[in-house]
Amino acid sequence: MRAGKIEDVRRYCETDVMNTYLLYLRFRLMRGELSAGEYAKEVSIAREKIAATGAPHWQEFVAAWDANAVG
């Protein structure tokens, strides 16, 4: 962190948390705790929030999300 990498670490942690949250939503869907519609709504909200920030690391995250989309 002394090498001026604190922002890189912060951005990595933010995207790691989002990946964990998305996995958690998927887990809840698979357990039947969320309906397909509820799951889709939550994923959509998360995507809209991160895309709206305009931050470069979130733009990169959304681009990777799109590139790996199934369907």
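The structure this text deals with has already been given above.
This report concerns the structure included in the present document. None of these values were measured; they are calculated from a predicted model. (Residues numbered from 1 in each chain as written. Predicted model: local features only at pLDDT ≥ 70, side-chain atom pairs only at ≥ 80, totals over all residues. Heavy atoms only, no water.)

Looking at the pattern of salt bridges
Which entries qualify depends on this criterion: In the sections that follow, a salt bridge refers to a side-chain nitrogen of Lys or Arg positioned within 4 Å of a carboxyl oxygen of Asp or Glu. Secondary structure elements are defined from DSSP: runs of H or I of at least 4 residues count as helices, runs of E of at least 2 residues count as strands, and each element is numbered from the N terminus. Residue burial is assigned from relative accessible area. The probe radius is 1.4 Å, only protein chains are included, and a residue is buried under 20% of its type maximum, exposed over 50%, and partly exposed in between.
According to the stated counting rule, one finds 7 salt bridges in the structure shown. Across the pair Glu14 and Arg10 runs a salt bridge whose closest N-O atoms are separated by 2.7 Å. Of this pair, Glu14 and Arg10 both sit in helix 1 (residues 6–30), separated by 4 residues, roughly a single helical turn. Its salt-bridge partner being Arg47, residue Asp66 comes within 2.5 Å of it at the nearest N-O pair. With Asp66 in helix 3 (residues 56–67) and Arg47 in helix 2 (residues 36–53), this residue pair connects regions lying 19 residues apart in the sequence. For Asp66, a relative accessible area of 42% corresponds to the partly exposed category. According to the relative accessible area criterion, Arg47 is partly exposed, its value standing at 26%. What emerges from the salt-bridge pattern is a single network uniting Lys5, Asp8 and Arg11.

Side note on the nonpolar core
Across soluble globular proteins, nonpolar side chains show a tendency to be buried alongside one another. Our working definition: Joining through side-chain atoms within 4.5 Å is the link that ties buried Ala, Val, Leu, Ile, Met, Phe, Trp, Tyr and Cys residues into a set, and such a set is a nonpolar core.
Counting residues in each nonpolar core, the largest one holds 13 residues, and the members touching the most others are Met18, Leu22, Leu25, Tyr39, Ile50, Trp58 and Phe61. Those elements that provide at least two residues to this core are helix 1, helix 2 and helix 3.

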